[in-house]
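Descriptive structure summary
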Amino acid sequence: MPRLILFNKPFGVLSQFTDASTSTSPARTLSEFIDIPGVYPAGRLDKDSEGLLLLTDDGALQNRIASPKHKLPKTYLVQLEGTITEDALARLRAGVTLKDGPTRPARARRIEAPAWLWPRTPPVRFRKTVPDTWAEITITEGRNRQIRRMTAAVGHPTLRLIRWQVGEWTLEGIETGTWREVKPG
C-alpha cells in the first residue's frame, strides 16, 4: 500500500532531504522533520513558502500529484502588499502573461487574514504606511514561483505564501513543522 504524508512545511525549509549547496550555513531540510525511509516530495514548495507538502513512496502517485498534465488544483493563502482590487483579482482569474507565457486562469478572491494562522519566523515585514491584503488563489499548474510572479504582475507583491490545499488534501489540523499520514485517494 502506498504511503502518503501531509507535511506542514515551515518557512525557510527546503523541499528536499539534503542541502546540496556549498553555503557555510546549511539550510534546514525535510530530514529535520520526517524520518520515514523511501518517501519523497510530490512537487515542490519554495524555501520561503510555507504549508502543505505531500510526500509519497509511490512513483505513480507522485506523478499524479506533481505533473501539470493532471491539473490537480493547488490552493494558496497569500498575504499581498497593498489593498488588492477587484480588477487585479479579475486579471488573476483571466490568466496573467508572465515571461514564460500566459498562465491558466486561476480562482482568486479576497479573504480576511486567517485567524488560525501560526506566526511566521521571521515575521513578515510590517510597514505602517502600506496596507496588506489576504487572498485565496487556486491554480492548476505549478510553474516556478508562479503565485509570486502572478501577484507581482497585477501590482501586489507577495509577502507571505501558504499552500493550504493540493487536490483533496488540506493542512487542516496539521501544525507547522508536523505531519500526518493519510490513505491515498
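Before any of the text, the structure's been laid out above.
Below: a short report on this structure. (Residues numbered from 1 in each chain as written. Predicted model: local features only at pLDDT ≥ 70, side-chain atom pairs only at ≥ 80, totals over all residues. Heavy atoms only, no water.)

1. Some details on the layout of surface pockets
Roughly 460 Å³ of volume is contained in the largest pocket. Lining of the largest pocket is provided by 28 residues; of these, R44, L45, G142, R143 and R163 occupy positions nearest its centre. Put simply, the parts of the chain that give the lining of the largest pocket at least two residues each are α1 (59-66), β4 (74-81), α3 (146-153) and β9 (158-166). Among the residues forming the lining of the largest pocket, the class breakdown is twelve nonpolar, seven polar and nine charged. (1 Å grid on protein atoms, 1.4 Å probe; cavity = no way out; pocket = protein on both sides within 12 Å on 5 of 7 lines; lining within 4 Å. Points joined across faces, edges and corners; volume = space filled by probe spheres on them. Helix = DSSP H or I, 4+ residues; strand = E, 2+ residues; numbered from the N terminus. Nonpolar A, V, L, I, M, F, W, Y, C, P; charged D, E, K, R; others polar.)

2. With respect to the environment of T133
Within the secondary structure layout, T133 lies in strand β8 (residues 132-139). For T133, the contacting residues outside a window of four places in its chain are V78, Q79, L80, G82, T83, I84 and R110. A distance of 3.1 Å separates a polar atom in the side chain of T133 from the backbone nitrogen of I84. (Contact = heavy atoms within 4.5 Å. Polar contact = N/O pair within 3.5 Å; in protein donor to acceptor, adjacent residues only side chain to side chain.)

3. Let's talk about empty space enclosed by the protein
Using a probe with the size of a water molecule, rolled over the atoms, empty space left in the structure can be pinpointed. Applying the stated criterion across every chain yields a total of one cavity of 30 Å³ or more. The computed volume of the largest cavity comes to approximately 60 Å³. Along the walls of the largest cavity sit E81, R125, F126, R127, V130, P131, D132 and L159, which together make up its complete lining. A class-by-class count of the residues in the lining of the largest cavity yields four nonpolar, no polar and four charged.

4. Here's the deal with the pattern of salt bridges
A full pass over the atoms with the stated rule returns twelve salt bridges. E32 is paired through a salt bridge with R28; the nearest N and O atoms lie 2.8 Å apart. In this structure, the salt-bridge partner of R93 is E86, at a minimum N-O distance of 2.6 Å. One salt-bridge network, held together by shared partners, links D46, D48, R145 and R148. (Salt bridge = Lys/Arg side-chain N within 4 Å of Asp/Glu carboxyl O.)

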